[in-house]
Amino acid sequence: MTDVTGAPADVLHTLFHSEQGGHEQVVLCQDRATGLKAVIAIHSTALGPALGGTRFYPYASEAEAVADALNLARGMSYKNAMAGLDHGGGKAVIIGDPDIIKSEELLLAYGRFVASLGGRYVTACDVGTYVADMDVVARECRWTTGRSPENGGAGDSSVLTAFGVYQGMRASAQHRWGSPSLRAKRIGIAGVGKVGHHLVEHLVAEGAEVFVTDVREEAVRRITERYRDVVAVADTAELIRIEGLAVYAPCALGGALNDATVPVLTAEVVCGAANNQLSHPGVEKDLADRGILYAPDYVVNAGGVIQVADELHGFDFERCKAKAAKIYDTTLAIFARAKTDGIPPAAAADRIAEQRMTEARPSR
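Below is a short write-up of the structure.

Conventions we followed
- Residues numbered from 1 in each chain as written.
- Predicted model: local features only at pLDDT ≥ 70, side-chain atom pairs only at ≥ 80, totals over all residues.
- Heavy atoms only, no water.
- Helix = DSSP H or I, 4+ residues; strand = E, 2+ residues; numbered from the N terminus.
- Rg over C-alpha atoms; globule rule 2.2 N^0.38 Å.
- Buried < 20%, exposed > 50% of the residue type's maximum accessible area, 1.4 Å probe, protein only.
- Contact = heavy atoms within 4.5 Å.
- Areas by Shrake-Rupley, 256 points an atom, 1.4 Å probe, with all protein chains shown as cover.
- Lys, Arg positive; Asp, Glu negative; His and termini not counted.
- Charge placed at Lys NZ, Arg CZ, Asp CG, Glu CD.
- Expected span 1.5 Å × (residues − 1).
- Salt bridge = Lys/Arg side-chain N within 4 Å of Asp/Glu carboxyl O.
- Axes fitted to C-alpha atoms, helices over the stretch in contact; angles between N-to-C directions.
- Parallel < 35°, antiparallel > 145°, perpendicular 65-115°, else oblique.
- Nonpolar A, V, L, I, M, F, W, Y, C, P; charged D, E, K, R; others polar.
- Pairing = 2+ DSSP bridges.
- Phe/Tyr/Trp six-rings, centres within 6.5 Å; stacked < 30°, edge-to-face > 60°.
- Lys NZ or Arg CZ within 6 Å of the ring centre and 35° of its normal.
- Core = buried A, V, L, I, M, F, W, Y, C linked by side-chain atoms within 4.5 Å.

Remarks on the overall build of the protein chain
Here's step 1: When its secondary structure is counted, the protein chain shows 15 helices and twelve strands.
Here's step 2: Computed over the C-alpha atoms, the radius of gyration of the protein chain is 20 Å, within 12% of the 21 Å expected from 2.2 N^0.38 for a compact globule of 364 residues.
Here's step 3: Principal-axis analysis of the C-alpha atoms places the extent of the protein chain at approximately 55 × 45 × 45 Å.
Here's step 4: Counting across all 364 residues of the protein chain, residues that qualify as buried make up 52%.
Here's step 5: Considering only residue pairs separated by 6 or more positions, the protein chain has 64% of its internal contacts joining residues 24 or more positions apart.
Here's step 6: As presented, the protein chain carries roughly 15,700 Å² of accessible surface, and 51% of it is formed by carbon and sulfur atoms.
Here's step 7: In the protein chain, 36 side chains carry a positive charge and 45 a negative one; their mean positions are 4 Å apart.

This is how it looks when you write it as structure tokens:
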């Protein structure tokens, strides 16, 4: 079913009528000469210019791409608010397989579209885009972060993303077991790519018992060749059923926590880097009903956006790392609010973020 514009009606309903909508602006971008098809979604500028990465992914349909952009942009509003940044939330997706269609010309065309928004949206890296790509985009768009140090940027933001997740995991351990130590804890990581492999490094250094899986064999092999004590398992289905698993860390794409995975999950804590881990509203309650502590994804994975936001003001790594370390305190505060209000941590985080955004609106 479509509306008069030809767009799927369910997408427009999400945008204009559902609780998952409320976006300020959605831009559809096309450059036929380069094959560019992109969606830029701006959820909120209440706290400042929308900030969020560019995902390059072979979506099954344009409708799926729009829906993903809407969800990711909304998540960035909450992430930036909880990270204490003076930025709203936005996200862009480029439709297509980056290994096939990504080119310098396509990225330059994309940069021109971002630039046309006049600073309402600031872009960065995400799944399928890298520092080198942002260097290209920046040639056409000054509102680009995640660039290389050689081009005035901060470089790879996955380092501080992983550090922030690690701090969130330590806070979760403190709340659940009375100590932030992860030593000898069984921790399963699904996805050991840009962020996941840095997270493994933190956990191995602390003496955790680490299990990993990834759809890419080379990603797993890179980990097991470097860390001989890390155990590789066949897939996520096996990982989440490991006996005695203390923490499950989804670090790939979203939707990891769903009606199929939550009932069989053996972990006592979920804390990972992936965005939009809850596949639908209500999953957070299912986790709470099973006694599983959930560290909200957009809170613990905010280290990367803290880094790219700092890039706009003259990047300083130690300053960013100090800010990312505060994810530990923020996560504990969310657990405390959840207990006080009698709600799951995800709902508590939403309340805190929404309060900050609401309080900011009258002054802008």
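Observations concerning helix α2 (residues 62-82)
Every α-helical turn comprises 3.6 residues, leaving residues that sit three or four positions apart pointing alike.
Here's step 1: Taking 1.5 Å as the rise per residue, α2 with 21 residues should run 30 Å; its terminal C-alpha atoms sit 30 Å apart, in good agreement.
Here's step 2: For α2, a buried count of 16 out of 21 residues is recorded, marking the element as mostly surrounded by other parts of the structure.
Here's step 3: Note on α2: the residue one or two positions beyond its end, Gly-84, has a positive phi of about 75°.

With respect to the pattern of salt bridges
Here's step 1: As enumerated under the stated definition, the model contains 19 salt bridges in all.
Here's step 2: Here Arg-356 ties to Asp-86 by a salt bridge, and the two come within 3.2 Å at their closest N and O atoms. Of the two residues, Arg-356 sits in helix α15 (residues 345-360) while Asp-86 sits in the loop between α2 and β5 (88-95), which places them 270 residues apart along the sequence.
Here's step 3: On the basis of relative accessible area, Asp-86 is assigned to the exposed category, the value being 55%.
Here's step 4: Notably, a salt bridge pairs Asp-214 with Arg-216, separated by 2.9 Å at the nearest N-O pair.
Here's step 5: Its relative accessible area of 15% is what places Asp-214 among the buried residues.
Here's step 6: Classification of Arg-216 as partly exposed rests on a relative accessible area of 37%.
Here's step 7: Connected through salt bridges with shared partners, the residues Arg-55, Asp-68, Lys-91 and Asp-126 form a single ionic network.

Digging into the environment of Glu-238
Here's step 1: Assignment of secondary structure puts Glu-238 in helix α9 (residues 236-239).
Here's step 2: Sequence spacing of Glu-238 and Leu-265 is 27 residues, and the spatial spacing of their C-alpha atoms is 9.9 Å.

Section: the packing of helix α14 (residues 327-341) against α15
Here's step 1: Contact geometry for α14 and α15: axes closest at 8 Å, N-to-C directions at 105°. In terms of orientation, α14 lies roughly perpendicular with respect to α15. Along its contact with α14, which presents Ile-334, Phe-335, Arg-337, Ala-338 and Asp-341, the element α15 presents Pro-345, Ala-348, Ala-349, Arg-351, Ile-352 and Gln-355.
Here's step 2: Taken together, the residues that form the contact of α14 with α15 break down as seven nonpolar, one polar and three charged.

Examining the sheet that holds strand β7 (residues 186-190)
Here's step 1: Reading across from one edge, β9-β8-β7-β10-β11-β12 is the order of the six strands in this open sheet, with parallel pairing throughout. Looking at strand neighbours, the two that pair on one side only are β9 (231-232) and β12 (293-294), the edges of this open sheet.
Here's step 2: Across five bridges, the pairing between β7 and strand β8 (residues 209-213) is parallel. What sits directly across from Ile-189, in β8, is Val-212.
Here's step 3: Contacting β7, β8 and β10 (247-250), helix α7 (residues 196-206) crosses the sheet at an angle of about 170° to β7.

A few points about the environment of Ile-240
Here's step 1: By the secondary structure assignment, Ile-240 is in the loop between α9 and β10.
Here's step 2: We classify Ile-240 as buried; its relative accessible area is 3%.
Here's step 3: With 108 residues separating them in the primary sequence, Ile-240 and Ala-132 have C-alpha atoms 35 Å apart.
Here's step 4: Beyond its immediate sequence surroundings of up to four residues, Ile-240 is in contact with Leu-245, Tyr-248, Thr-261, Val-264, Leu-265 and Thr-266.

Quick word on the packing of aromatic side chains
Here's step 1: One pass over the structure, following the stated rule, counts three aromatic pairs.
Here's step 2: Seen in terms of ring centroids, Phe-315 and Phe-317 are 6.4 Å apart; in terms of plane orientation they differ by 75°. Their pairing is edge-to-face.
Here's step 3: Above the plane of the ring of Trp-177 lies Lys-185, whose end atom (NZ or CZ) is 4.1 Å from the centre.
Here's step 4: Stacked on the ring of Tyr-130, the Lys or Arg Lys-194 has its end atom at 4.6 Å from the ring centre.

Observations regarding the nonpolar core
Here's step 1: Membership of the largest hydrophobic core comes to 43 residues, with the highest contact counts inside it found for Met-169, Ile-189, Leu-199, Val-200, Leu-203 and Val-212.
Here's step 2: At the level of secondary structure, the elements contributing two or more residues to this core comprise α6 (158-177), β7, α7, β8, α8 (217-226), β10, α12 (303-311) and α14.
Here's step 3: Ranked by residues supplied to this core, first place goes to α6 with five residues.
Here's step 4: Not counting the four nearest positions on each side in its chain, Ile-189 is found in contact with Gly-196, Leu-199, Val-200, Leu-203, Val-210, Phe-211, Val-212, Thr-213, Leu-239, Ala-249 and Cys-251.

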